[in-house]
Amino acid sequence: MSVPTTGSPASNPTLATWVEATANHCQPDRIHWCDGSPGEYQEMLRLMVQAGTAIPLDEEKRPGSIFVRSDPGDVARVEDRTFICSASQADAGPTNNWKSPDEMRAIMGQLYAGCMKGRTMYVIPYSMGPVGSPIAGIGVEITDSAYVVANMHTMTRVGTKVLDVLGDSDHFVRGLHSVGAPLKDGQPDSPWPCDPTNKYITHFPDTREIQSYGSGYGGNALLGKKCHALRIASVQARDEGWLAEHMLILKLTNPEGKVHYVTGAFPSACGKTNLAMLIPTVPGWKVETIGDDIAWMKWGPDGRLYAINPEAGFFGVAPGTSMQSNPNALLTARANSIFTNCALTPDGDVWWEQMTEKEPASLMDWIRRPWHPGCGRKASHPNARFTTPARQCPVIAPEWEDPKGVPISAMLFGGRRAGVVPLVCEAFTWQHGVFLGSIMSSETTAAAAGKVGELRFDPFAMLPFCGYHMGDYFAHWLRMGGRTSPEKLPRIYYVNWFRRSPEGGFLWPGYGDNSRVLKWIFERCEGRGEAVQTAIGTLPTPAGIDTAGLDAAPGAMEELLRVDVDGWLANCEQIDTHYARFAEKLPQALREELAGLRQRLQASR
Ligand code: GTP
Ligand code: SPV
Ligand code: MN
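Residues numbered from 1 in each chain as written. Chains lettered and ligands numbered in written order. Predicted model: local features only at pLDDT ≥ 70, side-chain atom pairs only at ≥ 80, totals over all residues. Heavy atoms only, no water.

A. Just the site of ligand 2, in detail. Neighbouring residues of ligand 2: R77, G218, G219, K225, K226, H246, S268, D293, F315, R385, A447 and F465. Separating an oxygen atom of ligand 2 from a backbone N or O atom of G219 is a distance of 2.9 Å. The side chain of K226 places a nitrogen or oxygen atom 3.0 Å from an oxygen atom of ligand 2. Notes on ligand 2: free accessible area 280 Å², of which the protein chains cover 98%. Of all elements in the fold, only α7 (218-221) and α8 (224-240) reach the threshold of two or more residues within the shell around ligand 2. Class assignment for the residues of the shell around ligand 2 results in three nonpolar, four polar and five charged. Counting contributing residues per domain, the shell around ligand 2 is built from domain 1 (5-53 + 80-240) and domain 2 (245-312 + 398-604), each supplying no fewer than three. (Near = heavy atom within 4 Å. Polar contact = N/O pair within 3.5 Å; in protein donor to acceptor, adjacent residues only side chain to side chain. Areas by Shrake-Rupley, 256 points an atom, 1.4 Å probe, with all protein chains shown as cover. Helix = DSSP H or I, 4+ residues; strand = E, 2+ residues; numbered from the N terminus. Nonpolar A, V, L, I, M, F, W, Y, C, P; charged D, E, K, R; others polar. Domains from an automatic or database assignment.)

Structure follows, in structure tokens:
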């Protein structure tokens, strides 16, 4: 059977065979091999507009951009439909859903049979990371969604140049994606084809494969992002001795021009994009962006950890983004962007909650209904997102695509915690830092389907993204610390921008004022910075944090830096339960760290 084909089919034998077999099984009407060109991107936008998926935005207000609304049943990652299909269940561990590879292949094989009828099958060769970088990795996504192709163009490096680097190698991640909505002859398409009640986001780490069905949204469908760059890559990183993390990367420059690079792991919708491009309120300091969601880190010849941003764009949370909170994100998305599940203004621009102080008089909301202030509904979905090229960011660091990466001086772990966790706390050692990463907890957000605001343990912000047993992941982090001399390891910090007062408001102004914490961390990396050892870690003295000009309530700083001994002791009880899940896979070193913490807390009572 020969399917009409456009673009240049790859000569790579493994790829050619896989594409042919997939086409035979999925039965698309056409095949298109993506070249990653601007013309191809424009064609995807045109197809989406023609299909009713997208509306072009006003060329003056938002040049080269479109507005897309998904099916209301397909708006976020689906953790309960996400599976790690390692050969043995023990390898997936207690935090992942598991099915045997054979069983899952059978399920997916049935779903995929004929699933692309009436559609085009796109073949997207992509690089995660600068093409040819020793830290980068190659994948190929097969999809039947033009929306996915357009998003992958922005989020990764797509096209012929990737195939050139791949050559005849079979070292690439194979990702198959279908929206799961075949078309009968003459059947009109829906604006957002999907199979909302039958989603599967599956991973086969042993063979570096991804199979996704039924969803067209975000991390479920853009397979380079969470599926490849985190779930599959975390397994590769374990096997090969590096790190694939849910982390932003920023460049921090002090008034004298000295630079430190910092990464930060915060759970979904907990502030990575905002921190990565913040505008410091401390005079003379500068933050520039390397990445806002994922970091891949390998050892450099000097024994330090070097990070690249495997992505080429930002898939950022829209609600809450304003010229006050994150001007650089808004300026990045001024053009050539895809806006999904925002609201549409009558003059052809987008709007979302808190974008402007004054709400527009009327809008078309994300489920295609007229909207006006006070109507009692939100105009945009809480997980509405913009897809925008990183190179358009006004503060993108010049070296953001350096193939050798940037050397990391400090790593931040953090989450949304209304109490207990102070503004910032420095780990005593790498091992203590791994302990802090392993006990991170945070309130759930709209980035994943399910309840919002529920406190859960989210170790290293990787709970939904670790492709293997979380206990083995902790052990991998501990081992990484033994690979170089201690002074070359990044220092580790636990931060919390979300502590609340008894009245319920945030105690810390956050956003640009987070630069005050970054400044202290920078000073610590330089061997300075006023600090005091406490039971939980090393904290700034009250004078350690630069508060000049800070708009904080009286007593707020003391509360933000207070060690809540009873709160932490109660926390230890919860950590017992959390740790019990990992049973014999929990590294002894972490058990000892917990015992040490308890002892120090008791002693400080
Ligand atoms: P993912 O893309 O889902 O991985 O999320 P992210 O970590 O990049 O989250 P993002 O920076 O988009 O932040 C999401 C939400 O957190 C937005 O509603 C922000 O307004 C809010 N936020 C970010 N930084 C701060 C802060 O310093 N303080 C407070 N109070 N809120 C913040
Ligand atoms: C997240 O949920 O952490 C995201 C968005 O960055 S998604 O790509 O949909 O996973
Ligand atoms: Mn993320």
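B. Seen up close, the coordination of the manganese ion (ligand 3). K226 (NZ), H246 (NE2) and D293 (OD) make up the full set of protein donors to the manganese ion (ligand 3), lying at 2.2 to 2.3 Å. Relative to the metal, the six donor atoms surrounding the manganese ion (ligand 3) lie at angles of 75 to 175 degrees, and the coordination shape comes out octahedral. All donors of the manganese ion (ligand 3) belong to a single chain; written as a sequence motif, their spacing is K-x19-H-x46-D. Here K226, found in helix α8, pairs with D293, found in the loop between β15 (286-291) and β16 (295-299); they are 67 residues apart in sequence, far enough to count as distant. Given the relative accessible area of 6%, K226 is considered buried. Accessibility expressed as a relative area gives 9% for D293, which makes it buried. (Donors = N, O, S within 2.8 Å, 3.2 Å for Na, K, Ca; no water. Tetrahedral: all angles 85-135°; square planar, octahedral: opposite > 155°, others 65-115°. Buried < 20%, exposed > 50% of the residue type's maximum accessible area, 1.4 Å probe, protein only.)

C. Molecular detail of the packing of helix α15 (residues 565-580) against helix α16 (residues 588-603). At a minimum axis separation of 10 Å, α15 and α16 run at an interaxial angle of 160 degrees. Judged on the interaxial angle alone, α16 and α15 are roughly antiparallel. Crossing of α15 over α16 shows left-handed handedness. Of the residues in α16, those touching α15 at V565, W568, L569, C572, E573, I575, D576 and Y579 are L590, L594, L597, R598, L601 and Q602. Among the residues making up the contact of α15 with α16, the classes are represented as 10 nonpolar, one polar and three charged. (Axes fitted to C-alpha atoms, helices over the stretch in contact; angles between N-to-C directions. Parallel < 35°, antiparallel > 145°, perpendicular 65-115°, else oblique. Left-handed = near helix turned anticlockwise from the far one by under 90°. Contact = heavy atoms within 4.5 Å.)

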